[in-house]
Amino acid sequence: MEKQVKALSLLSGGLDSQLAVCVLREQGIHVEGITFSSPFFGPEKGTAAARALGIKQHIIDFTEDILEQVQHPAHGLGGAMNPCIDCHAVMIRRAGELMEKLGFDFIATGEVLAQRPMSQNKQSLGVVARCSKYEDLLVRPLSAPLLPPTKPIREGWLDVEKLPRFSGRNRTPQIQLAEHFGLKDYPAPAGGCLLTEERFGKKLRDLLEHEGLDTDRTNVWLLSIGRHLRLSDRVKIIVGSCKAENELLREKARPEDLRIVCPDQPGPLTIAPADIDEEALQLACAISARYAKKSKPGPVRARISGPDGSRELFVEPLSPDDVQPYFIA
Ligand code: SF4
C-alpha cells in the first residue's frame, strides 16, 4: 500500500491558510496545521480554523523569534514595526524543523503571489523560501503553478495542474473557492498582527530605545494594555483605560511596579516603575487623577502602593492639553 503524503501547513486562520489546507486535502494529502503565537499575534484564529477544518493543530511559541526579527530585520521593516519577510522565513524554518521531527514530507503556506506588493512579490517569495532553509520542501499551493517547482511537485506527490493559479490582490477567486469548499467563517484579510499597526509600532520602538526587553518579556506583553505615557527617559507609566484593562494591568504588571489609584472616585489603575523619582511620581499621580471621575473641585487623593507599603499624595489633576505631550502613541 502506498504511504500517504503528509504536509504541515502554516495556519494563521485567515482564508488563504484555510484554502491551502483544503486544496492539499483534495489531493489525498494528510494535512496538519502549525500556528504561531507571540505578544503580537495569538493562535486563536488558527485554533478556530483547525477546529472548523477538523485538522490537528500544532501551536509554537514564536516570541523569541519575532523579537529577534523586530530588532534585527535582515530584510527591513514594513510600514510599521513588521519584519514580514524575515518573520515568514523564520516561521517556515520552524515549520520545517517540526516537519522533520514529526516525519512529514513537506511544508505548505497560504501565500499568494503578488497579493502584498512588498512581501509577496515573486522576488520576496524567493527570498523567504531561501532564508527559511527549506526552500525545496516548500509548496505555496494557491499559486504553485506560477512558481518554480519544488521537490513535492517534481516528485509528483501532488498534481500541480490541479492547484489554483492565484495571483494579485483580487480576492474574488479565493472567495469562490471558499464557497466550493463550504468555508464560511473566516476573518477579514488584514489585521491580526499588532506589528503592522503604526501606533503600536511607536510604543514598541519607544520600549526598545528606552528600556530594552524584560527578561521575562513582561514589558512587551504590557504594550497592548492601557495608555502609555513617557514622563522622562527613565520613566514610563501605563494608565488603564477601562475596568478590564485595570484588571489586566493589576495581573500582569511586574511585582515591584508601583500601583497608583485615586481611591475616592472611580478611575484608572496606573503602573509606574519602582525607581521613579519624586517629581515624576507627582506627575504620574496628576495624570492618573485626570482620568478619575472627579465629583468636587480641589485636589485629588492618590494612593501609591508597592512592595514596601503604601502612601498618599494630594494632587491637582492635569488638564487634557497638558497630558497630551506625554503620550507615546
Ligand atoms: S504581519 Fe506580523 S505575523 Fe504576519 S508576517 Fe508580518 S510580522 Fe509576521
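This one's a predicted model, so the numbers in the text were calculated from it and none came from an experiment.

A. Examining the overall build of the protein chain more closely. Assigned secondary structure in the protein chain consists of 12 helices and 11 strands. Taking the principal axes of the C-alpha coordinates as reference, the protein chain spans close to 80 × 35 × 35 Å. When contacts within the protein chain are restricted to residue pairs at least 6 apart in sequence, long-range pairs at least 24 apart make up 61% of them.

B. Inspection of the nonpolar core at higher detail. Membership of the largest hydrophobic core comes to 57 residues, with the highest contact counts inside it found for Ala7, Leu24, Ile92, Ala95 and Ile107. Each of two domains, domain 1 (6-194) and domain 2 (197-326), supplies a minimum of three residues to this core. Among residues more than four places away in sequence, those in contact with isoleucine 107 are Leu8, Ile92, Ala95, Gly96, Met99, Tyr134, Leu137 and Leu138. Within the second largest apolar cluster, 29 residues are counted, among which are Val239, Ala289, Tyr291 and Val300.

C. Layout of the environment of tyrosine 291. Mapped onto the elements, tyrosine 291 comes out in the loop between helix H11 (278-290) and strand E10 (300-306). In this structure tyrosine 291 comes out as buried when scored by C-beta crowding, with 20 C-beta atoms within 10 Å. Between the C-alpha atom of tyrosine 291 and that of leucine 318, which follows or precedes it by 27 residues, the distance is 9.1 Å. Not counting the four nearest positions on each side in its chain, tyrosine 291 is found in contact with Val239, Gly267 and Pro268.

D. Structural detail: the sheet that holds strand E3 (residues 57-61). Strand order in the open sheet formed by five strands is E3-E2-E1-E4-E5, and the pairing between neighbours is parallel. Of all strands in the sheet, those with a lone pairing partner are E3 and strand E5 (138-139), marking the two edges. Pairing analysis gives five bridges linking strand E2 (residues 30-37) to E3, with the strands arranged parallel. Each bridged residue has a counterpart across the sheet, and for serine 37 the counterpart in E3 is aspartate 61.

E. Structural context of unusual backbone geometry. If you check the backbone angles, lysine 133 has positive phi at about 75° while not being a glycine. With a phi close to 65°, arginine 217 is a non-glycine residue in the positive phi region. On the secondary structure map, arginine 217 appears in the loop between helix H8 (198-210) and helix H9 (218-221). Residue classification places arginine 217 among the partly exposed residues on the basis of 14 C-beta atoms within 10 Å.

F. The sheet that holds strand E6 (residues 227-230), seen in detail. Taken together, the six strands give an open sheet; going across it, the order is E6-E7-E9-E8-E10-E11, and neighbouring strands pair in antiparallel fashion. The open sheet is flanked by E6 and strand E11 (309-315), the only strands paired with a single partner. Neighbouring strand axes in the sheet, compared pairwise and without regard to direction, differ in orientation by 25° on average. Taken together, the seven bridges between E10 and E11 define a ladder with antiparallel strand orientation. Each residue of the ladder has a partner; that of valine 300, found in E11, is valine 315.

G. Seen up close, the site of the ligand. Around the ligand, the surrounding shell consists of Phe41, Asn82, Pro83, Cys84, Cys87, His88, Cys193, Leu195 and Thr196. Counted by class, the shell around the ligand contains six nonpolar, three polar and no charged residues.

H. Inspection of the pairing of E10 at higher detail. Relative to E10, strand E8 (residues 258-261) runs antiparallel, the two sharing three bridges. The partner of arginine 259 across the bridge, within E10, is serine 305.

I. Region of interest: the pairing of E6. When E6 meets strand E7 (residues 236-239), the two strands line up antiparallel, connected through four bridges. The residue of E7 that forms the bridge with arginine 227 is valine 239. Adjacent in sequence and paired antiparallel, E6 and E7 are bridged by five residues.

J. Quick peek at the domain arrangement of the protein chain. Domains assigned within the protein chain are domain 1 (6-194) and domain 2 (197-326). Taken over C-alpha atoms, the centre of domain 1 sits 39 Å from the centre of domain 2. Tallying the contact residues gives seven residues for domain 1 and 12 residues for domain 2. Residue classes in the side of domain 1 that touches domain 2 are distributed as five nonpolar, two polar and no charged.

How each quantity is defined
Residues numbered from 1 in each chain as written. Predicted model: local features only at pLDDT ≥ 70, side-chain atom pairs only at ≥ 80, totals over all residues. Helix = DSSP H or I, 4+ residues; strand = E, 2+ residues; numbered from the N terminus. Contact = placed C-beta atoms within 7 Å. Core = buried A, V, L, I, M, F, W, Y, C linked by C-beta atoms within 7 Å. Buried ≥ 20, exposed ≤ 12 C-beta atoms within 10 Å, placed from the backbone. Domains from an automatic or database assignment. Pairing = 2+ DSSP bridges. Axes fitted to C-alpha atoms, helices over the stretch in contact; angles between N-to-C directions. Near = placed C-beta within 6 Å. Nonpolar A, V, L, I, M, F, W, Y, C, P; charged D, E, K, R; others polar.

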